[in-house]
Structures are given as C-alpha cells and as structure tokens.
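Geometric and topological summary
Read off the chains here:
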Amino acid sequence: GINAEYGLSKNSWLDIPELLIPMKNHGNYIVRLGHVVKWLGEQAEELGVEIYPGYAASEVLFHEDGSVKGVATNDVGIAKDGSPKDTFERGMEIHAKMTMFAEGCHGHLSKQLFDRFDLRKNCQPMTYAIGIKELWEIPEENHKPGLALHTVGWPMEATTYGGSFLYHINDGPLVAAGFVTALDYKNTYL
C-alpha cells in the first residue's frame, strides 16, 4: 500500500518524511477486523480449537502448582433480581493445555494475571487513548485501495498526543476514517 503522513495546522499541512514517523505500512494489508477474526476462527476450528462466542470468561482457573488451568464462564440467563430465567445456563469450566487471553490491555482477567505473575515488572507504563472510527463509502473514482494516510497536529494542541487516519480498504470503495487522542490531554474542549 501507499503510506503518507501529514502534520496539520489550522490553515496548512506539511508532508512529514517517513523516517520521522514510526508507522511503517509498506507491504502490509488494510483489512476489516471482523473479516480477519472470522477467517482466524475458521482456521482455528479446522485445527481442532474450540471457540465459544457469546460466552464471557469470568474467572481464571489455576492448577495446584499455580499454572493456568483454564477459565470458567459466567452463568447466563439471569433476571435482574438474580433469579434464573427460562433461558438459564450454568457457566462451565474450560480446561486447556494452553489458554490465550485476548481481552484487551485492561481486561479483568489480564489484570489478575499481571498481579499473580508480576507481568508488569520492568515494563513501561501503559498509554491509554480514546478513538472513533467510521466506514465511509466513497465514489469509486476517489478510491485508492491500500492507501494509508496519517495525520498529527491540528485540531489538537502541540502537547496532546494523537492524530487521525484514513485507510482505503480493498473490499469496495470504503475508507476507514478515524481519530485517536491520548487520555492524558489537558484541554477538555478538543
């Protein structure tokens, strides 16, 4: 794909040389995460991996030696008053040779593992951000599959980390347009 980075001010823009930007997208694909997840799930199931969509893991299970044994899922079909509905299903214990935790950087199970195994020792502090993304359908003549544009600067102040992106997605005349801002910003009127 084509990669371009721009610094923005209120009235102009500046093409930023690639060597100053840590994002290197040459040779990479622009994909829709939903399609990748579906494909990965199919690949995993063909290899015998069990996937339980719609069931949240609620607890990490441990062997007597302290190693991870698996997870327990939560009960489902519970009314607001705590009583079981007609659709009630008891949670289950899932034991595995390998358990993969993919719940994000601040998931409740991950935090338990961070503490139990001291996984954050000697690590840099995490950086948190908030972002929005929309998919835009654009005229075919304006679509450039593989084009990735990144910006920094305006409308944010120089002391605020973040920027925007436009990714021209390969499957149709779609553009993923987004904006990300680090959560340590000072100006609440961004």
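Cut-offs and rules
Residues numbered from 1 in each chain as written. Predicted model: local features only at pLDDT ≥ 70, side-chain atom pairs only at ≥ 80, totals over all residues. Heavy atoms only, no water. Helix = DSSP H or I, 4+ residues; strand = E, 2+ residues; numbered from the N terminus. Rg over C-alpha atoms; globule rule 2.2 N^0.38 Å. Buried < 20%, exposed > 50% of the residue type's maximum accessible area, 1.4 Å probe, protein only. Salt bridge = Lys/Arg side-chain N within 4 Å of Asp/Glu carboxyl O. Pairing = 2+ DSSP bridges. Axes fitted to C-alpha atoms, helices over the stretch in contact; angles between N-to-C directions. Contact = heavy atoms within 4.5 Å. Phe/Tyr/Trp six-rings, centres within 6.5 Å; stacked < 30°, edge-to-face > 60°. Lys NZ or Arg CZ within 6 Å of the ring centre and 35° of its normal.

Details of the overall build of the protein
Looking only at helices and strands, the protein has two helices and 11 strands in total. Listed by position from the N terminus, the elements making up the protein come as β-β-α-β-β-β-β-β-α-β-β-β-β. In terms of overall dimensions, the protein is more spread out than a globule: its C-alpha atoms have a radius of gyration of 22 Å, far above the 16 Å expected for 190 residues. When the backbone C-alpha atoms are referred to their principal axes, the protein occupies close to 60 × 40 × 35 Å. A buried classification covers 24% of the 190 residues belonging to the protein.

Observations regarding the pattern of salt bridges
Pairs can form between side chains of opposite charge whenever their charged atoms are close. Under the defined criterion, the tally for this structure stands at three salt bridges. When the shortest N-O distance is used, the salt bridge between Arg90 and Asp75 registers 2.8 Å. With Arg90 in the loop between β6 (84-89) and β7 (93-95) and Asp75 in the loop between β4 (68-73) and β5 (76-78), this residue pair connects regions lying 15 residues apart in the sequence. Among the residues examined, Arg90 registers a relative accessible area of 60% and is labelled exposed. The exposure class of Asp75 is partly exposed, given its relative accessible area of 28%.

A short note on the sheet that holds strand β3 (residues 57-62)
Hydrogen bonds between backbone atoms are what pair the strands of a sheet, whose relative direction is either parallel or antiparallel. Taken together, the three strands give an open sheet; going across it, the order is β3-β4-β7, and neighbouring strands pair in antiparallel fashion. Here the strands that pair on one side only, and so sit at the sheet edges, are β3 and β7. Across this sheet, the average inter-strand angle for adjacent strands is 25°, counted without regard to direction. Inspection of the sheet shows β3 paired to β4 by five bridges, in the antiparallel sense. From the neighbouring strand, Val60 faces β4, where its bridge partner is Val71. Contacting β3 and β4, helix α2 (residues 108-117) runs over the sheet at an angle of about 25° to β3.

Things to note about the sheet that holds strand β8 (residues 129-137)
On the basis of which strands lie adjacent, the open sheet formed by six strands has the order β2-β1-β9-β10-β11-β8 and mixed pairing. Edge positions in the sheet fall to β2 (13-15) and β8, since each of these pairs with one other strand and no more. Strand-to-strand, the axes of this sheet are offset by a mean angle of 20°, without reference to chain direction. Here three bridges tie strand β1 (residues 3-8) to β2, and the two strands are oriented antiparallel to one another. Across the sheet, the residue bridging to Leu8 is Trp13, located in β2.

Structural notes on the packing of aromatic side chains
In this structure the tally under the stated criterion is two aromatic pairs. With a centroid separation of 4.9 Å and 25° between ring planes, the pair formed by Phe165 and Tyr167 is classed as stacked. For Phe165, a relative accessible area of 15% puts it in the buried group. Positioned above the aromatic ring of Phe62, the side-chain terminus of Arg116 is 3.6 Å from the ring centre.

Examining the environment of Gly77
Structurally, the position occupied by Gly77 is in strand β5. Sequence-wise, Gly77 and Phe88 are 11 residues apart; in three dimensions their C-alpha atoms are separated by 3.9 Å. Once you skip the residues sitting within four places of it in the chain, Gly77 turns out to touch Ser83, Pro84, Lys85, Thr87 and Phe88.

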